[in-house]
Every structure is written in structure tokens, then in C-alpha cells.
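# Coordinate analysis (summary)
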Amino acid sequence: MNDVRKMIYGTLIGFILTLVVWFSIVYISSCGFSFTCNKGAPLIDRTPIPTLIPATLPVQGLGGDAAAFNKCQIAAVDLLGAWVTAGVPETDKFTFTDVNGQSCEAVFARDVLPLFTESNLWYPGSLSCSSCHSSDLAKALQNMDLSSYAGILAGSGRANGEPQGKDILGGGVWEDSLLYQMVYAPNGESLIGRPIMPLGRTADVPDKGPVIFAGRIIPTEETADATTTPSP
Ligand code: HEC
């Protein structure tokens, strides 16, 4: 009787020991001697590389969104004219009517200055005015600095850095100004028989220079409403 009992207990204890040893082997082989093992945590159901890039930019409207695209279009010479006629404001806005008949407003630094300082603007390959008429007055052609507001107002012929040279803005009367006469080129020729600007400009450039994007449409009550009230 005792023997049978011993056999049963022996088998049970043996079985439990085998289980303990077996689980220990499995645990230690995958986790080592650590209780902070998370190998058994449920699998996270997702791809390791995020496939959806978070959208951080504002939503772009499809088609003509009036609020996002409100630039005006005007010929370069007409934009210069509007600025001179408005009394050459440096920071104040001035207004003009663009080629589509829209009422627009512009500011010197953003809209007018690039006509003097950007290359490739008057025609592909054109030099900027300020590359020849630079702020280094001694070297600048016609001793004229067209690279800044002050320089443009100071005019030409400032060989010794005179604060004021020959006015090129016609005293505010656009069509009388030397600037107008040098950049307006009906049939590719200047009205006063001098080389047309930017120097090297060919006859295929339009009379009044290229039509460029400049200024902004002045919001009327109608368009202001349209931007705040989305259509259904
Ligand atoms: C490649 C060099 C060059 C570039 C670029 C250039 N000019 Fe000139 N500019 C000249 C030269 C040379 C003269 C003198 C022309 C002459 O002999 O009548 C001149 C003369 C002028 C004059 C007359 C000044 C005076 O008192 O006689 C004005 C105004 C003028 N340029 C404006 C501009 C404007 C505006 C631009 C840009 C749209 C420009 N220029 C681009 C070379 C250049």
C-alpha cells in the first residue's frame, strides 16, 4: 500500500517538476533572467513604418480659390507708371487696375523693386537693372543706383556719390519721365532714340514689357463674403 502511494506521489511531483523545468527553459531561453520581459505582450497590429504621413499643411482647395490666389496681372511698364503716378510711395500701398479690370493694390518692396533687381524678368535671359546700375555708383552705368528705393529716387549721373542726381521719375509725371522713355518701346524702339532698357532687350518683348503677377486684388464686400461663407 505504501509503495503505491509513493509511486503516485512520485509521479505527481515528477510531473510538476518537469512542468516547472520546462516552463523555466522556455522563459529563460526567450527572456533571460529578467522579470521585466514583455515578449509575451500581444502583438501590435500595425506596419513598422508609418504609411500615412501626418497632414500638417492647410488643405488646398481645388480649382480657383479666390482667397488663396488673389494676385493681379499687369504689364511691367504700367506697374511702374502706377507707382510713379501715386507719388512713389515707399511703404504705403498704391492702387492700379489690372489687365482683367480688377482693382488691385501693391507695395513698392514686394511688387515694384523686383522689376529693378530680378534677372530674367523682362525677358528670358535679361539682366536685372541693378546688375548694370548698381549701388557702387562709381562703377554703375550712368552712375545710377537702381538697386534700392533711395537709389531710384536719387536718379542718374551721381559719379561722385552726390545725394541727388538727374531725376528719372519725371517729377511724378510718368510719361515725361526718363524711366518711362527708357523702358517703353513701341515696335521695339525707344521714343527718344536711345537704347531701350534693360540693355540688350529685343524687339519681340512687348511694348510695355511682360505682363507679370503683382499686387493683390482689393477685397470687395462681395469677395470678402465669399471667403468667409463657404459655398454648400
Ligand atoms: C546691360 C546693362 C544694363 C542693364 C541691364 C540696364 N541698363 Fe539702363 N543703361 C545702360 C546703359 C549703357 C545706359 C546708357 C544708354 C545710352 O547710351 O543712352 C543706360 C541708361 C539708362 C537710363 C537713362 C539714365 C540717364 O540719365 O541717361 C535709365 C533710366 C535706365 N538705364 C534704366 C534702366 C532700367 C529701368 C533697367 C532695367 C529694366 C536698366 N536700365 C537695365 C545699361 C543697362
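Heads up: the structure comes first, above all this text.
Here goes a summary of the coordinates provided.

The rules behind the values
Residues numbered from 1 in each chain as written. Predicted model: local features only at pLDDT ≥ 70, side-chain atom pairs only at ≥ 80, totals over all residues. Heavy atoms only, no water. Helix = DSSP H or I, 4+ residues; strand = E, 2+ residues; numbered from the N terminus. Buried < 20%, exposed > 50% of the residue type's maximum accessible area, 1.4 Å probe, protein only. Contact = heavy atoms within 4.5 Å. Areas by Shrake-Rupley, 256 points an atom, 1.4 Å probe, with all protein chains shown as cover. Near = heavy atom within 4 Å. Polar contact = N/O pair within 3.5 Å; in protein donor to acceptor, adjacent residues only side chain to side chain. Nonpolar A, V, L, I, M, F, W, Y, C, P; charged D, E, K, R; others polar. Pairing = 2+ DSSP bridges. Axes fitted to C-alpha atoms, helices over the stretch in contact; angles between N-to-C directions. Donors = N, O, S within 2.8 Å, 3.2 Å for Na, K, Ca; no water. Tetrahedral: all angles 85-135°; square planar, octahedral: opposite > 155°, others 65-115°.

From N to C terminus, the chain includes 7 helices and 4 strands. Secondary structure elements in the chain, listed N-terminal to C-terminal, are α-β-α-β-β-α-α-α-α-β-α. Counting only residues that meet the buried cut, the chain has 31% of its 232 residues in that class. Long-range contacts, defined as pairs at least 24 residues apart, comprise 46% of the intrachain contacts of the chain with a sequence gap of at least 6. Accessible area for the chain stands at about 15,800 Å²; split by element, carbon and sulfur atoms hold 61% of it.

We now examine the site of the ligand. Around the ligand, a shell composed of 22 residues is seen, among which C129, C132, H133, S156 and M197 lie nearest. Take H133: an N or O atom from its side chain is 2.8 Å from a nitrogen atom of the ligand. In the environment of the ligand, an oxygen atom lies 3.4 Å from a nitrogen or oxygen atom belonging to the side chain of K166. Broken down by secondary-structure element, the contributors of at least two residues to the shell around the ligand are α4 (129-132) and α6 (178-183). Here the element with the most residues in the shell around the ligand is α6; it accounts for 4 residues. Residues of the shell around the ligand, tallied by class, amount to 16 nonpolar, 4 polar and 2 charged.

Okay, helix α3 (residues 108-117) next. Counting buried residues along α3, 7 of its 10 residues qualify, which places the element largely inside the surrounding structure. Within the sequence span of α3, burial applies to F108, D111, V112, L113, P114, L115 and F116.

Right, let's talk about the sheet that holds strand β1 (residues 71-75) for a bit. The strand order across the open sheet built from 4 strands is β1-β4-β3-β2, with neighbouring strands paired in antiparallel fashion. Of all the strands in the sheet, just β1 and β2 (94-97) have a single pairing partner and so form its edges. Each neighbouring strand pair of the sheet contributes to a mean axis angle of 55°, computed without reference to strand direction. With 2 bridges connecting them, strand β3 (residues 103-106) and strand β4 (residues 211-217) associate as antiparallel partners. Opposite E105, over in β4, you have R216 as the bridge partner. Against the sheet, helix α2 (residues 76-85) makes contact with β1, β2 and β4, and its axis sits at roughly 100° relative to β1, the strand it touches most. The strands that α3 touches are β2, β3 and β4; relative to β4, the one it contacts most, it runs at about 170°.

As for its position among the elements, S190 is in the loop between α6 and β4. A polar contact of 3.2 Å, which involves the side chain of S190, links it to the backbone nitrogen of I192. A polar side-chain atom of S190 sits 3.1 Å from the main-chain amide nitrogen of G193.

So, on to the environment of Q181. Mapping Q181 onto the fold places it in helix α6. Residue class for Q181 comes out buried when judged on its relative accessible area of 18%. Filtering out sequence-adjacent residues up to four positions away, Q181 remains in contact with E175, D176, S190, L191, I192 and I196.

Coordination sphere of the iron atom of the ligand, protein contribution only: H133 (NE2) and M197 (SD), at 2.0 to 2.1 Å. In this structure, the iron atom of the ligand is surrounded by 6 donor atoms whose angles at the metal cover 85 to 180°, and the resulting shape is octahedral. Taken together, the positions of H133 in the loop between α4 and α5 (149-154) and M197 in the loop between α6 and β4 put the pair 64 residues apart, joining distant regions of the chain. Note on H133: relative accessible area 8%, which makes it buried.

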